[in-house]
Amino acid sequence: MHIIDKSDIIRWLPDRPKDSYKGSMGRVLCVGGNTHFGGAIILAASAAVYSGAGLTSVASDPINLHALHARLPEAMFIDYQDFTALEDAIHNADTVLLGPGLGRDAQAEAIFHCVLSAITTQKLVLDADALYFISQNRPNLPQTTVIATPHQGEWLRLTGLPLSESTVEQRQQATADLGMWVVLKSERTEIYLDDTVYQNLGGNPAMATGGMGDVLAGMLAGLLGQYSSPKETVLSGVFLHSYIADQLALNQYVTLPSQIVTEIPRVMRELLNAKQQF
Ligand SMILES: NC(=O)C1=CN([C@@H]2O[C@H](COP(=O)(O)OP(=O)(O)OC[C@H]3O[C@@H](n4cnc5c(N)ncnc54)[C@H](OP(=O)(O)O)[C@@H]3O)[C@@H](O)[C@H]2O)[C@@H](O)CC1
Ligand SMILES: Nc1ncnc2c1ncn2[C@@H]1O[C@H](COP(=O)(O)OP(=O)(O)O)[C@@H](O)[C@H]1O
Ligand SMILES: [Mg+2]
């Protein structure tokens, strides 16, 4: 098992090219947020925007429209019940995040299948209720980069393997069977990328707050359109999420997911400055 190394993260950080424009910095679509869990998709979309994504859209229940725009006017909005608009939005994106706050009812299931079948080349991040539907239905996945971000409960539901009573080799095999890259979240998050496994040593108990995983999923989606290597992106996103949380925990008893979001641009700048000093 490899340990994620800060010097690699710094080296991999993309310089924002001088001729960058919004269309070249990643087009992200975040799908989720039912009438109860709008906060989950708003946090994820905020994390994508603050991670530097050029264009971010949210496909959600219309009840979340005003809250989204009050928090994040940078995001565009689609009613996720309008499948024609949803499919168009997927085809206009280069990365899709599916699951935070989606729910598990029949409407959520229909949206889940609509997104899976509309994906062509888009990279796909699956979290929360999208992972629930994967574990229930075992659908065919699109032939593109697919990244799942389960917590231990979601991992158990997906694979039947309790984290504490399984070996790395068993988890590697289970990941290969799933046919996705897996970010297995815990206090020592493990990242399963094909035949290589990484561990992230960052993170702390001040992160034990609802919405913290939604922010990680949004960061991964936001970064995927900016890095050239998806593997480096996943490792960088996991590292940055916990690195920011560890900085905040020096002065805070608890860290709010939205506080991680607002720190992302500053910390990425700090690490980019370190890269440019070499
Ligand atoms: N602001 C919002 O709108 C927010 C909305 N959210 C949305 O809520 C929806 C449901 O998501 P979920 O994660 O709460 O539910 P689920 O998938 O059933 O997992 C819980 C089960 O797993 C188990 N478990 C074991 N180990 C665990 C671990 N380390 N971490 C966590 N769980 C662990 C756990 O065991 P227990 O705690 O009961 O012992 C329990 O049996 C989803 O749409 C999500 O996006 C959230 O994102 C928060 C912010
Ligand atoms: N004690 C802890 N130590 C390190 N990281 C933690 C701790 N508690 C939570 N986290 C991190 O917070 C995130 C929680 O994700 P998740 O359970 O999906 O949250 P939510 O669904 O509420 O958004 C993961 O990235 C996990 O690694
Ligand atoms: Mg979660």
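Residues numbered from 1 in each chain as written. Chains lettered and ligands numbered in written order. Predicted model: local features only at pLDDT ≥ 70, side-chain atom pairs only at ≥ 80, totals over all residues.

- In the annotation of an unreviewed UniProt entry, the chain is listed under the name ADP-dependent (S)-NAD(P)H-hydrate dehydratase and assigned to Suicoccus acidiformans.
- Per UniProt, the chain has the following entry under Sequence similarities (unreviewed entry): "Belongs to the NnrD/CARKD family."
- Looking at the chain in UniProt, the text filed under Subunit (unreviewed entry) is "Homotetramer." (UniProt positions renumbered as here; feature names shortened; annotations may be inferred.)

### A closer look at the nonpolar core
At step 1: By size, the foremost hydrophobic cluster in this structure holds 82 residues, and its most contacted members are Cys30, Val31, Ala44, Val96, Leu97 and Leu220.
At step 2: Ranked by residue count, the leading element in this core is helix α2 (residues 38–50), at ten residues.
At step 3: In contact with Val31, not counting residues within four places along its chain, are Ala59, Tyr80, Val96, Leu97, Leu98, Ile111 and Val115. (Core = buried A, V, L, I, M, F, W, Y, C linked by C-beta atoms within 7 Å. Buried ≥ 20, exposed ≤ 12 C-beta atoms within 10 Å, placed from the backbone. Helix = DSSP H or I, 4+ residues; strand = E, 2+ residues; numbered from the N terminus. Contact = placed C-beta atoms within 7 Å.)

### Regarding the site of ligand 2
At step 1: The environment of ligand 2 is formed by 17 residues, the closest being His151, Glu187, Gly203, Met212 and Gly213.
At step 2: Class assignment of the residues belonging to the shell around ligand 2 gives a composition of six nonpolar, eight polar and three charged. (Near = placed C-beta within 6 Å. Nonpolar A, V, L, I, M, F, W, Y, C, P; charged D, E, K, R; others polar.)

### Quick word on the UniProt feature "binding site: AMP" (unreviewed entry) in the chain
At step 1: The feature "binding site: AMP" (unreviewed entry), as annotated in UniProt, sits at Lys185, Ser186, Glu187, Arg188, Thr189 and Gly213 in this numbering. The greatest C-alpha distance among the annotated residues, which extend across 29 residues, is 13.8 Å, indicating that they converge on a single site.
At step 2: Among the secondary structure elements, Thr189 is positioned in the loop between β8 (181–184) and β9 (190–193).
At step 3: Residues contacting Thr189, with those up to four places away along its chain left out, are Val183, Leu184, Asn200, Gly203 and Val238.
At step 4: Note that Gly213 resides in helix α9 (residues 212–224).

### Quick word on unusual backbone geometry
At step 1: Residues other than glycine seldom take positive phi values, yet Ala128 does so here, at roughly 50 degrees.
At step 2: Within the secondary structure layout, Ala128 lies in the loop between β6 (123–126) and α6 (129–137).
At step 3: Even without glycine at this site, Asp194 takes up a positive phi of about 50 degrees.

### Describing the site of ligand 1
At step 1: Near ligand 1 lie 16 residues; those nearest to it are Gly39, Ala128, Gln152, Gly153 and Gly210.
At step 2: Secondary-structure elements contributing two or more residues to the shell around ligand 1 are α2, α7 (152–159) and α9.
At step 3: If you tally residues by element for the shell around ligand 1, the top one is α7, at three residues.
At step 4: Classifying every residue of the shell around ligand 1 gives five nonpolar, eight polar and three charged.

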